[in-house]
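Results of the structural survey
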Amino acid sequence: MLATGGLGFLYRYTDNPSDVKGEGIFMAWKHGATLIDMEFVQFYPYWLVHPRSFDIGTKLFSLGAVMRNKNGERIMDKYPAKELETRDIVSRTMSLSETVYLDVI
């Protein structure tokens, strides 16, 4: 096992620093390492991308903000912790929506 950091900055939208580009993974591959489970990239789903990019933080959801789809439906409604579910559940639910809107009213 080799832990060299990630490759999150290769994505268009990311909360990763600009130097997280997968150099360690490439170096390991170049020297013969077998790479497995490369599809599992962890990221933080609470990141606003429009009108500008910034971390919205979970505190906002504790204060009543919700995520909605293009039809105005709350996308996290079926989960007990709603928008404060674990990030794998939040990320998967967001990815299944065509568009996600942040409702802070």
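Residues numbered from 1 in each chain as written. Predicted model: local features only at pLDDT ≥ 70, side-chain atom pairs only at ≥ 80, totals over all residues. Heavy atoms only, no water.

**Some remarks on the pattern of salt bridges**
What counts is decided by this rule: A carboxyl oxygen of Asp or Glu within 4 Å of a side-chain nitrogen of Lys or Arg is what we treat as a salt bridge. Here a helix means four or more residues in a row that DSSP labels H or I, a strand means two or more in a row labelled E, and each is numbered from the N terminus.
Scanning the entire structure with this criterion turns up 5 salt bridges. In this structure, the salt-bridge partner of Arg 92 is Asp 88, at a minimum N-O distance of 3.7 Å. With Arg 92 and Asp 88 both in helix H3 (residues 87–95) and 4 residues apart, the pair spans about one turn of that helix.

**Quick word on the layout of surface pockets**
The criterion, for reference: Only protein atoms enter the 1 Å grid used here. Points where a 1.4 Å probe fits but cannot escape make up a cavity, open sets with protein on both sides within 12 Å along at least five of seven lines make up a pocket, and a residue lines them when an atom lies within 4 Å of a point. Grid points are joined across faces, edges and corners, and a volume is the space filled by probe spheres set on the points. For this classification, the nonpolar set comprises Ala, Val, Leu, Ile, Met, Phe, Trp, Tyr, Cys and Pro, the charged set comprises Asp, Glu, Lys and Arg, and every other residue, Gly included, is treated as polar.
By volume, the largest pocket is sized at about 800 Å³. Forming the boundary of the largest pocket are 29 residues, of which Phe 43, Pro 45, Trp 47, Val 49 and Met 94 lie nearest the centre. Those elements that place two or more of their residues in the lining of the largest pocket are strand E1 (47–48), H3 and strand E4 (101–103). Looking at the lining of the largest pocket, the element that brings in the most residues is H3, giving 3 residues. Residues of the lining of the largest pocket, tallied by class, amount to 17 nonpolar, 9 polar and 3 charged.

**Some thoughts on the confidence of the model for the protein**
To keep things clear, this is the line we draw: Scored between 0 and 100, pLDDT is the confidence that the predictor attaches to each residue.
Of all residues in the protein, 100% attain a pLDDT of 70 or more, and the chain-wide mean is 87. Within the protein, the element-level pLDDT minimum falls on strand E2 (residues 54–55), averaging 78, and the maximum on strand E3 (residues 66–68), averaging 95.

**Some remarks on the side chain of Thr 93**
Worth spelling out the cut-off: Note on classification: 1.4 Å probe, protein chains only; a residue is buried when its accessible area is under 20% of the maximum for its type, exposed when over 50%, partly exposed between these limits. For this analysis, residues touch if any pair of their heavy atoms sits within 4.5 Å.
Here Thr 93 shows up in helix H3. Judged by relative accessible area, which is 10%, Thr 93 ranks as buried. With sequence-adjacent residues up to four places away left out, Thr 93 is seen in contact with Ile 75, Met 76 and Tyr 79.

**Brief notes about the environment of Leu 7**
Along the chain, the position of Leu 7 falls in the segment before helix H1 (23–30). Remark: the alpha-carbon pair of Leu 7 and Phe 26, spanning 19 residues in sequence, is separated by 9.9 Å. Apart from residues no more than four positions distant in its own chain, Leu 7 is found in contact with Val 20, Lys 21, Gly 22, Ile 25 and Val 41.

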